[in-house]
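Here is how the chains run, residue by residue.
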Amino acid sequence: MSLNTTLIRSLKAPPRPVWEEPPSRAGLTAKGGLLLLCCLGVLGPLWIVVVTSLSPKPVIDQVGGLVVIPRGITFVNYTELLGGGQVSRAIMVSVGVTFFGTLFSMAVSVLGAYGLSRPGSLGHRYLLMTIMATMFFGAGLIPTYLLVQALGLTDTYLSLILPSAVSVFNILVLRAFFMGISPELTESARIDGAGELRILLTIVMPLSRAVIAVISLFYAVGYWSAWFNASIYLTDQEMLPLQNVLIQLVQKGTEAPTGLQQAVHTGELSSLGLQMAVMVLALVPVAVASPFVQRHFKKGMLTGAIKG
Amino acid sequence: MSLTTGSRPDGTRPPAAVEEPAAAGAAAEATKGRAPRGTGKAGKVPFRVRWHRDRALILMTLPLIALLLVFHYVPLLGNVIAFQEYDPYIAGNGITAIFHSPWAGLEQVERMVEDPLFWDATQNTLVLFGIQLVLFFPVPIALALLINSVIRPRVRAVAQAIMYLPHFFSWVLVITIFQQIFGGAGIIAQTLESHGWSGFDLMTNADLFKWLVTAEAVWKDAGWGIIVFLAALSAVSTDLYEAAAMDGAGRWRRMWHVTLPALRPVIALLLVLRVGDALSVGFEQFLLQRDAVGAGASEVLDTYVWNMGIQNGDFSYAAAVGLVKGLIGVALVLGANKFAHLLGEQGVYKK
């Protein structure tokens, strides 16, 4: 009962400002229609991809392509893909690179941002300049490629992590947030004899949970979505991450992932259904993760935009 | 600034430069060789003291500095191969080969100027930049105004959550989704075929390619772009709206005279950033669709560098193209920022 009333109250619009006239019916309809159109434009394609990946082969064959209205849901595409073979391996690679890459990027970024968060500390100006200058002038693709080769990183997973491990913009956002933490807090800890690392771990980081979550998501999405480094630094097919497998499947016109080609040729599985299932596997992690940190976006982006 | 450096004790030692008046000031004066009270300038504190005080902070930035030195500054120096006849196999590895490759002066740049393919790529890049500026740039502003006019918080939150989503999808996913809808075997072609039409394939149509990539970019990033505008809008004082309403301004006039002026600095800033990035219209997006529509329509400067360097192994030439592109990019940022100052806006950095 009381739950019901609170629900209804929360759905009611907040009071309008006194000077604002109530909206006309036509205006409301137009506005709502536009918003609905935008949202359908995003969700529609995703719906079609998901439904096709869940459809059995006869349905896909009957429609002659993508399925819009679900009939006879089946998980056979997913169980086949995840039961070992090329896609399972690629998912493991992507998850591993994303996990360790994000951990590494965050460690370097948080340490660096904290180290730079006190104006006037020794070398502060020079260190900051060294970092900011990289935003204006990129090193270029070719010299980076030659360097990674010369360092012997080709065909190692390090080549997917190290060359693009840190984003200076992310570091400036973190730094701006750290600088906003009241100095009295860190000072009292310093008087009690805490070192900088300890202050960072026990005071600054717990206070910055929101911005750390947002930046971690940015890094993680970056690693999860990356395919270019893998395409130029990895020659071993077995090492390729999920995005690159998806490119081979859809862009290069390969029918089915290695290991499932037989099943496609004998007509047990639909190649389109399999491809759509790989798509879903690639987009689910980001689609699930982003809403959780969404409420922090604005705050995080703002601190970066104003002070960065 | 001086507060953070001056008033921070370092545990074992007396405060290096104390700003607090009276009692603390006397202590500072008593300590020989310390900065006089009130200046608090970091430069007045002896180096040894500052090192002892700040070494932990410096150590913390070292991993970051090391990464940038190795993967940013070293490759930056590697651009010297643009002035060489670089041969990666002349010595031990790709780096030592730089020291053994013969110099070629500005030969690569001359080659570039005479290369019609380079000019084709430049033309594609600039045309795409123009289209993006006209068709992409205003979309987030319009969307932000639309969302901002919705009063119900729940509707706002849901609409925003949905519009942000595509930003987090990789280009591979976005292009695949478009392919499944507008491609030769896509859902539109399917529907048309079942009604007796045929031959619809937007994904391989070189003439429509520039509109296609703009549509992809809008789908992926327009929703994300509204964040910064919404933030600027939420900072507008309601008093302004109220005053305008008192003066008889209607809905549209309030938008024109209150809302849009509030967005002006943000729009100017983003415009400066965009113009500074004019030569980078996107890389992955074009590389992924290069095979489908051909190099003629999809080659931009970034993919040209990739093709000449990594595909053809013409490293010196590709590095020269990349270097020139980078230099023009820096000039564009500085120029656009100057222009913003002339218009009375703040731009990226202050005067």
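What counts as what
- Residues numbered from 1 in each chain as written.
- Chains lettered and ligands numbered in written order.
- Predicted model: local features only at pLDDT ≥ 70, side-chain atom pairs only at ≥ 80, totals over all residues.
- Heavy atoms only, no water.
- UniProt positions renumbered as here; feature names shortened; annotations may be inferred.
- Helix = DSSP H or I, 4+ residues; strand = E, 2+ residues; numbered from the N terminus.
- Contact = heavy atoms within 4.5 Å.
- Buried area = accessible area lost by both parts, 1.4 Å probe.
- Salt bridge = Lys/Arg side-chain N within 4 Å of Asp/Glu carboxyl O.
- Polar contact = N/O pair within 3.5 Å; in protein donor to acceptor, adjacent residues only side chain to side chain.
- Expected span 1.5 Å × (residues − 1).
- Buried < 20%, exposed > 50% of the residue type's maximum accessible area, 1.4 Å probe, protein only.
- Axes fitted to C-alpha atoms, helices over the stretch in contact; angles between N-to-C directions.
- Parallel < 35°, antiparallel > 145°, perpendicular 65-115°, else oblique.
- Nonpolar A, V, L, I, M, F, W, Y, C, P; charged D, E, K, R; others polar.
- pLDDT = per-residue confidence, 0-100.
- Phe/Tyr/Trp six-rings, centres within 6.5 Å; stacked < 30°, edge-to-face > 60°.
- Lys NZ or Arg CZ within 6 Å of the ring centre and 35° of its normal.

An unreviewed UniProt entry lists chain B under the name ABC transporter permease protein, from Streptomyces lincolnensis. Regarding chain B, the relevant UniProt record gives this comment under Subcellular location (unreviewed entry): "Cell membrane". In the Sequence similarities (unreviewed entry) part of its UniProt record, chain B is described as follows: "Belongs to the binding-protein-dependent transport system permease family."

Identification of chain A as ABC transporter permease protein from Streptomyces lincolnensis is taken from an unreviewed UniProt entry. Under the UniProt heading Subcellular location (unreviewed entry), the entry covering chain A gives this text: "Cell membrane".

**Details of the UniProt feature "domain: ABC transmembrane type-1" (unreviewed entry) in chain A**
Annotation from UniProt places "domain: ABC transmembrane type-1" (unreviewed entry) at residues 91–287 of chain A. Measuring from the first to the last C-alpha atom of residues 91–287 of chain A gives 16 Å, for a span that is 71% helix and 0% strand.

**Some words on the UniProt feature "transmembrane region" (unreviewed entry) in chain B**
Residues and elements named next belong to chain B. As annotated in UniProt, the feature "transmembrane region" (unreviewed entry) corresponds to residues 56–74, 126–147, 168–189, 222–241 and 315–336 in the numbering used here. Within the segment residues 126–147, helix and strand shares are 95% and 0% respectively, and the terminal C-alpha atoms sit 32 Å apart. Counting secondary structure, residues 222–241 comes out at 85% helix and 0% strand; the distance between its end C-alpha atoms is 27 Å.

**Re the interface of chain A and chain B**
With 99 residues of chain A in contact, the opposing surface of chain B contributes 95 residues. Broken down residue by residue, the surface that chain A buries against chain B is led by A:W19, A:L122 and A:F137, which jointly contribute 10%. Counting every contact that joins chain A to chain B gives zero salt bridges. Joining chain A to chain B, the criterion identifies nine residue pairs in polar contact (both at pLDDT 80 or more). Per-element tally for the side of chain A that touches chain B: the top contributor is helix α16 (residues 271–307) of chain A, with 14 residues.

**Focus: the UniProt feature "transmembrane region" (unreviewed entry) in chain A**
Using the residue numbers shown here, the UniProt feature "transmembrane region" (unreviewed entry) corresponds to residues 34–54, 90–114, 126–148, 160–178, 199–221 and 272–293 of chain A. Measuring from the first to the last C-alpha atom of residues 272–293 of chain A gives 33 Å, for a span that is 100% helix and 0% strand.

**Looking at helix α8 (residues 153–164) of chain B**
With twelve residues, α8(B) should cover 16 Å at 1.5 Å per step; its first-to-last C-alpha distance of 16 Å lies within 8% of that length. Of the residues making up α8(B), those classed as buried are B:A159, B:Q160, B:I162, B:M163 and B:Y164.

**A short note on the UniProt feature "domain: ABC transmembrane type-1" (unreviewed entry) in chain B**
Annotation from UniProt places "domain: ABC transmembrane type-1" (unreviewed entry) at residues 122–336 of chain B. The straight-line gap between the two end C-alpha atoms of residues 122–336 of chain B is 19 Å; of that span, 77% is helix and 0% is strand.

**Here we look at the packing of helix α9 (residues 168–179) of chain A against helix α12 (residues 209–225) of chain A**
Residue and element names in this part refer to chain A. The contact between α9 and α12 brings their axes to 10 Å, and the two run at 175 degrees. Between α9 and α12, the angle falls in the class roughly antiparallel. On α12, the residues that touch N170, I171, V173, L174 and F177 of α9 are V211, I212, I215, F218 and Y219. When its residues are assigned to classes, the contact of α9 with α12 shows nine nonpolar, one polar and no charged.

**Let's talk about the confidence of the model for chain B**
Residues and elements named next belong to chain B. Looking at chain B, pLDDT values average 83 and 86% of them are 70 or higher. Ignoring residues within four places in sequence, the model shows residues 1–40, a span with pLDDT below 50, making 57 contacts including any to other chains. Taken together, the chains of this predicted complex give a pTM of 0.86 and an interface ipTM of 0.88.

**Some words on the packing of aromatic side chains**
If you walk through the whole model with that rule in mind, you get 17 aromatic pairs over all chains. Relative to B:F315, the ring of B:Y86 has its centre 6.1 Å away and its plane inclined at 80 degrees; by these criteria the two rings are edge-to-face. Of this pair, B:Y86 sits in the loop between α3 (47–78) and α4 (96–100) while B:F315 is found in helix α17 (residues 315–342), placing the two residues 229 residues apart along the sequence. Judged by relative accessible area, which is 9%, B:Y86 ranks as buried. Looking at B:F315, the relative accessible area reads 9%, which means it is buried. With a centroid separation of 6.4 Å and 35 degrees between ring planes, the pair formed by B:F169 and B:W219 is classed as tilted. Note that B:F169 is positioned in the loop between α8 and α9 (171–182) and B:W219 in helix α11 (residues 209–234), a separation of 50 residues in sequence. Taken as a pair, B:F169 and B:W219 share a single burial class, namely buried. In textbook terms, an aromatic cluster arises when at least three aromatic residues are bridged by ring pairs, as seen for A:Y145, A:Y233, B:Y86 and B:F315. In this arrangement the basic side chain of B:R111 is found over the ring face of B:Y317, its NZ or CZ atom lying 4.0 Å from the centre. Of note, B:K220 hangs over the ring of B:W171, and the distance from its end group to the ring centre comes to 5.1 Å.

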